[in-house]
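Summary of structural features
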Amino acid sequence: MLSLEEKEYIKTYAYIPEHLPDYVVSISQSEPFLFDEYIFYFKNSHLIFIGYPLGKIHHKEQTQKILDLIIEQFRPKSVAVIAPFSLMSQKKFLQKSSDFYYQLDLSNFMLNPSLKNSIKRALKEVNTEQNKVITEENIELIDKFIKIHEIDEYTQFIFKKIPDYVNSSKTAVVFNARNKKDGSLSGFSVADYGANNYAFYMFNFPSRKYYVPGVSDLLLYEIVKASIDKGKSYINLGLGINKGIEFFKKKWSGKPFLQYEFCFYKISYKTSILKILKKLFS
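Since this is a predicted model, take the numbers as computed values, not measurements.

Quick look at the sheet that holds strand E11 (residues 255–266) now. Judged by pairing direction, the sheet is mixed, and its 11 strands sit side by side in the order E1-E2-E3-E4-E11-E5-E10-E9-E8-E7-E6 without closing on themselves. Here the strands that pair on one side only, and so sit at the sheet edges, are strand E1 (31–35) and strand E6 (126–131). Pairs of neighbouring strands in the sheet enclose a mean axial angle of 25°, with direction left out of account. Two strands pair when backbone bridges link them, and strand E5 (residues 95–105) and E11 are joined in this way by nine bridges, in the antiparallel orientation. When the sheet's bridge partners are listed, Lys-96 is paired in E11 with Cys-263. Against the sheet, helix H3 (residues 60–74) engages E1, strand E2 (38–43), strand E3 (46–50), strand E4 (78–83) and E11, with an angle of about 160° to E3.

Here's what the structure looks like:
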């Protein structure tokens, strides 16, 4: 359980979405903890370790040591790790992936001509609004997005948890784009403002049925304006994921600023105990 002081500390130094307890807890139903400079989440023998320290720069060896200490104390049967470098390289991973977080610097932010034209085009057909809840319209758009696109089971699980996340978070905001003629939902994005210096571009779902060119640009522009109004210095635009999403983020002057390494593995304590016994009796 996090104390009020720990929550404020996290809010002060958070810079990736997984630093936000409301986000991770709503999806995993786990309990958040803060150890040294690291946030981790634990439930039912499963550990989620966020290997991005908050207030200080830690090297790989330090991060590995902290992870080892947490595993020793909590004795998880399975571990999911995200970090700016690969950890536990000796383990047999059940799942592993690499990517980069993209960052948008809001100091002296200016729209380039291409984005101005795209936003202007979208504004001819839609109006935008902000909301604090996910409605049935939003859920329908998420479901259709999952059906149309090839998405792995893990990402599908997260998408289906978005209503729980938004409706339980005090800092998540839904940006909707609605058709001026009939009010149909042309797309929506979710942003989170739960950190002092960073805003987080969490999700974006354009509608195929009511598609409007430039709607995703318009929604991100609304997020940028709100971020500047709230005094944020940066927006974490999330991971690159694929070439199309990378192109979109780079079009917005997003730059890769943090390496992302994900791994998931299981721990066999019988093997660990056997090793200890061999050392004791050798």
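Here the narrative resumes.
Across all of its chains, the model carries 22 aromatic pairs by this definition. Seen from their ring centres, Phe-33 and Phe-40 are 5.1 Å apart, and the 10° between their planes marks the pair as stacked. Each of the two residues, Phe-33 as well as Phe-40, counts as buried. Here Tyr-198 and Phe-200 contribute two aromatic rings whose centre-to-centre distance is 6.2 Å and whose plane-to-plane angle is 20°, an arrangement assigned as stacked. Looking at Tyr-198, the relative accessible area reads 10%, which means it is buried. Taken together, the ring pairs connect Tyr-23, Phe-145, Phe-159, Tyr-165, Phe-188, Phe-203 and Phe-205 into an aromatic cluster. Lying over the aromatic face of Tyr-193, Lys-230 brings its terminal NZ or CZ to 5.1 Å of the ring centre.

Here the focus is the confidence of the model for the protein. Taken residue by residue, the protein gives an average pLDDT of 93. The fraction at 70 or more is 94%. Of the regions scoring below 50 in pLDDT, residues 276–282 engages in zero contacts with residues more than four places distant in sequence or in other chains.

Our focus in this paragraph is the pattern of salt bridges. Within the structure shown, the criterion is met by seven salt bridges. For Glu-125, the salt bridge identified is with Arg-121, shortest N-O distance 2.5 Å. With relative accessibility at 28%, the residue Glu-125 sits in the partly exposed group. Asp-217 is the partner of Lys-251 in a salt bridge, and the nearest nitrogen-oxygen pair spans 3.0 Å. With Lys-251 in helix H9 (residues 243–251) and Asp-217 in helix H8 (residues 215–229), this pair connects stretches of sequence that are 34 residues apart. Exposure remark for Lys-251: the relative accessible area of 25% places this residue in the partly exposed category. Connected via shared salt-bridge partners are Glu-129, Glu-137 and Arg-178.

Another point: helix H4 (residues 113–123). Every buried residue of H4 is accounted for by Leu-115, Ser-118, Ile-119 and Ala-122. For H4, the arc enclosing every buried residue in end-on projection is 95°, short of the 170-degree limit, so these residues lie on one face. Exposed and facing more than 90 degrees away from the buried side of H4 are Pro-113, Asn-117 and Lys-120. Buried residues in H4 make contact with E6, H8 and H9.

Cut-offs and rules
- Residues numbered from 1 in each chain as written.
- Predicted model: local features only at pLDDT ≥ 70, side-chain atom pairs only at ≥ 80, totals over all residues.
- Heavy atoms only, no water.
- Pairing = 2+ DSSP bridges.
- Helix = DSSP H or I, 4+ residues; strand = E, 2+ residues; numbered from the N terminus.
- Axes fitted to C-alpha atoms, helices over the stretch in contact; angles between N-to-C directions.
- Contact = heavy atoms within 4.5 Å.
- Phe/Tyr/Trp six-rings, centres within 6.5 Å; stacked < 30°, edge-to-face > 60°.
- Buried < 20%, exposed > 50% of the residue type's maximum accessible area, 1.4 Å probe, protein only.
- Lys NZ or Arg CZ within 6 Å of the ring centre and 35° of its normal.
- pLDDT = per-residue confidence, 0-100.
- Salt bridge = Lys/Arg side-chain N within 4 Å of Asp/Glu carboxyl O.
- Arc of directions from axis to C-beta.

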